[in-house]
Amino acid sequence: MAAVATEYGVKGSPETEHPRKAIGWAARDDSGVLSPLPFSRRNNGDCDVTIKILFCGICHSDLHSIKNEWKNTIFPIIPGHEIAGIITEVGRKVRKFKVGDKVGVGCMVNSCHSCDSCKQGFENYCPRMILTYNSIDTDGTKTFGGFSDMIVVNEHFVIRFPENLPLDKGAPLLCAGITVYSPMKYFGLNEAGKHLGVVGLGGLGHVAVKFGKALGMKVTVISSSQRKEKEAIERLGADFFLVSSNTEQMKAAMGTMDGIINTVSADHSLMPLLLLLKAHGKMIMVGLPEKPLELPIFPLVGGGKFVAGSCIGGIKDTQEMIDFAGKNNITAEIELIDMDYVNKAMERLAKADIKYRFVINVANSLTAA
C-alpha cells in the first residue's frame, strides 16, 4: 500500500507538535536505516481511542517507503500499518470499544466520510484518505505508524480482534489479509468450487491461499521458484503448484482458472498468466511493480478476460475479513522479532528471505531498544 501526502502542509517538529510523548523507530533519509526517534501523539479526542501497540507487522510497502522508492516519502518516517494492541483510553463519544479491548489498525486512519466512496464503505478509495504513516492529518501534522509504542486513532478506523485470533499472527492480516480478501469478494472469486490462481507466494500470496481454501475454492499457486512447491501444498493447503518458467506445466493449465490474484511486485510477463484464465476470467493486480508492465491485448479481447486492480479494502470489509479469519483459524505465518532487529529484517525482506511476514514484538522490545 503506497503512502502519499495530502494537500495539507507539515508543521511543527515530531517531538513537540502534540502533547503526548511517544517513541518509535524512524528512517531519517533514503538510506532507510531505522533508529529510535522521540515524537508525540495528539491527545485522545471525543471519538478517539488510544492503543498500546503490542505488535506490528512489516509490509513490503514499509521497505519502499523508508527508502523513498516511490518518491513521496516525507522524512523522518515511522512506518508500520499492521498494528495490533490493547485500548488504554476511549473518548466520551466512543461507542464501539472499551478499555482493554484487543484491536488493530491497518493502512488508514481517516478519510473525508462524505464522498461517494466513503458513503459506500470504500474509505480506501477516498481521495482524501489519510494513511497510517507518511500522510498529513487534518490538523496539518504528519502521521506516524506502528513501529512505535502507542497510537491515537478515530474509532471508525479501528478493527476489533476476535478473542481467538492471536495478535501477533493476526496483525499482518490488517494489510496483507484485506489486500487479498477484498478483491476475492468484489470480483466473485470467493465461491466454493471455483478455481483460483495465486501468483507469488510471499506475504500476500500465502494468506490468499489460506482464504481461498477457507472459502472452498480450488487453489493453484504460480511461482517462479520450484522450491516453494512442498511449502505451498503441504503447509499452506494449496491444491496445485505451477512453476511459471515450466512451459509444459503452464500449457497444460491454460484455460482452467476462474480468476487470479497477482501479488507480484517485480517485473514479470502477464501473457502466460492471462492464458491460464477461462473465458471471462479475471486477473486482479494487488502487487505494485516499480515499472509499468506490458499488457497483452489479444488474450483479453479473444477471451473476454479482465485485468483489474485492488487496493486494500474498506473498514467494514476489513472487520468482515478479520472475523472470517477468526472463525476459520486463518493467521499469517510469521517470524517474531525484536525492534532492534528491524534493520536486519528490512535487508532480509529486500532479498525475500522471510516465510512469510516479519512481526515486531513492540511492547516487549521497544523500550529496551
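The preceding data block contains the structure.
A quick note: this is a predicted structure, and the numbers were derived from the prediction, not measured. (Residues numbered from 1 in each chain as written. Predicted model: local features only at pLDDT ≥ 70, side-chain atom pairs only at ≥ 80, totals over all residues. Heavy atoms only, no water.)

Right, let's get into the overall build of the chain. Secondary structure summary: the chain contains 12 helices and 17 strands in total. The C-alpha atoms of the chain give 20 Å as radius of gyration, which agrees with the globular expectation for 369 residues (21 Å, within 12%). Along the first, second and third principal axes, the C-alpha set of the chain runs to 60 × 40 × 40 Å. For the chain, buried positions account for 56% of its 369 residues. For the chain, long-range pairs separated by at least 24 residues make up 68% of all intrachain contacts whose partners lie at least 6 apart in sequence. Element-wise, carbon and sulfur atoms account for 52% of the exposed surface of the chain, whose accessible area totals about 15300 Å². On the chain, the mean spot of the 41 positive side-chain charges and the mean spot of the 39 negative ones are 3 Å from each other. (Helix = DSSP H or I, 4+ residues; strand = E, 2+ residues; numbered from the N terminus. Rg over C-alpha atoms; globule rule 2.2 N^0.38 Å. Buried < 20%, exposed > 50% of the residue type's maximum accessible area, 1.4 Å probe, protein only. Contact = heavy atoms within 4.5 Å. Areas by Shrake-Rupley, 256 points an atom, 1.4 Å probe, with all protein chains shown as cover. Lys, Arg positive; Asp, Glu negative; His and termini not counted. Charge placed at Lys NZ, Arg CZ, Asp CG, Glu CD.)

What follows concerns the pattern of salt bridges. Taken as a whole, this structure holds 19 salt bridges when the rule is applied. A salt bridge links lysine 344 to glutamate 347; the shortest N-O distance between them is 4.0 Å. In this pair, lysine 344 and glutamate 347 both sit in helix α11 (residues 342-350), three residues apart, roughly one turn of the helix. The partly exposed category is assigned to lysine 344, whose relative accessible area is 41%. Linked through salt bridges whose partners overlap, the residues forming this network are Lys210, Glu231, Arg235, Glu333 and Lys355. (Salt bridge = Lys/Arg side-chain N within 4 Å of Asp/Glu carboxyl O.)

With that out of the way, let us pick up the pairing of strand β2 (residues 34-41). Along any regular strand the residues' side chains alternate between the sheet's two faces. Relative to β2, strand β1 (residues 20-27) runs antiparallel, the two being bridged by eight bridges. Looking at the pairing, lysine 21 lines up with serine 40 of β2. Taken together, β1 and the strand that follows it, β2, pair antiparallel across an intervening segment of six residues, in which glycine 32 is found at a positive phi of about 80 degrees. (Pairing = 2+ DSSP bridges.)

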